[in-house]
Amino acid sequence: MAIKDSALRGYLLEESLAWLLRSSGYRLLVHESQDPVELVTEGETLRVRGRGALHQVDALGEFTFTPAFSMPVRLFLEAKYYQDRCGLEIVRNAHGVVHDVNENFMTDQGMGPRQRYKYSYALFSASGFTADAQKYALAHQISLVDLSGASFAWLLGHIGATASTLSVAQKHLTKPARFPVTWMRAELRRALETSPLDLLPPTVVADGKFKQAASAAVTEFATVLRRRSEAELLLGFPSAPFILPLASDDHRRFLEYAEDRPDHTVRIKRRGMGATAEWTLSPVDAVGTYELTFKLPEHIEEWISSIGEQERRRTVQVKEKFLSAITLYRVNGGGVRTYQLRYEAGSLSRSGVMT
């Protein structure tokens, strides 16, 4: 059975983001042997136990260390590469899954100690989200990440081209054979080293024109991601109900600077208006060293731009309220480094720096 381009794009985007998660301090969970209590492997599909059902998961990450006064954190990652914005039904489904999974904990006399996790959900969209979806997500603490900005055009374009190649290649499958999604994902995880190799599902695809074309496309996809490491995506966690995908102009320069100054002050600028607006971060005391670009949720941008004479004041409010401290986590050898990017309007004004 043929698979749609939109589905292929979604799978490729999820694997790209799983690669991002690993670099940001998460390990990918792919098999029940990593947690026999809460994970279930059914054939080639990983599921998570909820209170009322088992829930299929395509990408599940576990944070490397536990935040203070919290339980270990696990993150459901779902990616959508649609032409239209993601609607309310997708966000509602995410809330239902994460709520049911977090409710799956019972105590009983005589039972041994059991680990408990805090599950979160992040939805990434190549085309943004509807207003209803954004409101619902905000109310139920579902993270929505809009990748429609110019900073991520290279990634989305590469995904689209690879999906088209795979879509054409599937014409060589013997009907009624299905597109081997599990094989494709396993090959990508092997190439990107996002999963323990001994836990990758055993998958076999017959030699022939499909395997030749698909293998070449997958290899090229992984190669481009690695080559584009200078534009690597970073995840930023502000003091706000959303996360920030940060695109770096040169991630090596950022890491070199952040290693020397893991806690430093930044200036923040907003470019454009409304849904097209993008924001940049750069260090106050070393102009031109690095620049990180990100987008804020659309409902925040609409609020900023809704009254022209208040746009500047509201921009400053957002910086001070939501962007005053942004935390980044980065895998470094066997451990995780933490970086704090701080926006301090008062100190910037005193030093004469534009905010």
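With an unreviewed UniProt entry as reference, the chain is termed Restriction endonuclease type IV Mrr domain-containing protein, source organism Nonomuraea mangrovi.

Remarks on the sheet that holds strand 3 (residues 45-49)
Either a parallel or an antiparallel arrangement is found when strands of a sheet pair, and the pairing is made through backbone hydrogen bonds. The strand order across the open sheet built from three strands is 2-3-4, with neighbouring strands paired in antiparallel fashion. This sheet does not close on itself; its edge strands, each paired only once, are strand 2 (39-42) and strand 4 (54-57). Put simply, the sheet's adjacent strands are angled 35° from each other on average, direction ignored. Sheet topology note: the strand 2/strand 3 ladder contains four bridges and is antiparallel. The partner of Thr 41 across the bridge, within strand 3, is Leu 46.

Structural notes on the packing of helix 1 (residues 5-23) against helix 6 (residues 209-227)
Helix 6 packs onto helix 1 with a crossing angle of 40° between their chain directions and a minimal axis gap of 12 Å. By the angle between their directions, the pair helix 1 and helix 6 is classed as oblique. Two packed elements cross with a definite hand, and for helix 1 against helix 6 that hand is right-handed. Here Leu 12, Ser 16 and Trp 19 of helix 1 come into contact with helix 6, specifically with Phe 221, Leu 225 and Arg 226.

Observations regarding the packing of aromatic side chains
Enumeration according to the criterion identifies 13 aromatic pairs in this entry. Measuring from centroid to centroid gives 6.2 Å for Trp 279 and Phe 294, while their planes differ by 20°, and the two rings are stacked. Of the two residues, Trp 279 sits in strand 12 (residues 278-283) while Phe 294 sits in strand 13 (residues 292-294), which places them 15 residues apart along the sequence. The buried category is assigned to Phe 294, whose relative accessible area is 0%. Members of the aromatic cluster, joined through ring pairs, are Tyr 26, Phe 63, Phe 237 and Tyr 329. Seen from the ring of Tyr 117, Arg 74 lies directly overhead, with NZ or CZ sitting 3.6 Å from the centre. Over the ring of Tyr 136 we find Arg 92; its NZ or CZ atom is 5.8 Å from the centre of that ring.

Notes on the side chain of Glu 311
For Glu 311, the position within the fold is in helix 9 (residues 311-322). On the basis of relative accessibility, which here comes to 14%, the residue Glu 311 falls in the buried class. In terms of polar contacts, Glu 311 uses its side chain to reach the side chain of Arg 270, at 2.7 Å. Among residues more than four places away in sequence, those in contact with Glu 311 are Arg 270, Met 273, Ile 304 and Ser 305.

Each value, and the rule that gives it
- Residues numbered from 1 in each chain as written.
- Predicted model: local features only at pLDDT ≥ 70, side-chain atom pairs only at ≥ 80, totals over all residues.
- Heavy atoms only, no water.
- Pairing = 2+ DSSP bridges.
- Helix = DSSP H or I, 4+ residues; strand = E, 2+ residues; numbered from the N terminus.
- Axes fitted to C-alpha atoms, helices over the stretch in contact; angles between N-to-C directions.
- Parallel < 35°, antiparallel > 145°, perpendicular 65-115°, else oblique.
- Left-handed = near helix turned anticlockwise from the far one by under 90°.
- Contact = heavy atoms within 4.5 Å.
- Phe/Tyr/Trp six-rings, centres within 6.5 Å; stacked < 30°, edge-to-face > 60°.
- Buried < 20%, exposed > 50% of the residue type's maximum accessible area, 1.4 Å probe, protein only.
- Lys NZ or Arg CZ within 6 Å of the ring centre and 35° of its normal.
- Polar contact = N/O pair within 3.5 Å; in protein donor to acceptor, adjacent residues only side chain to side chain.

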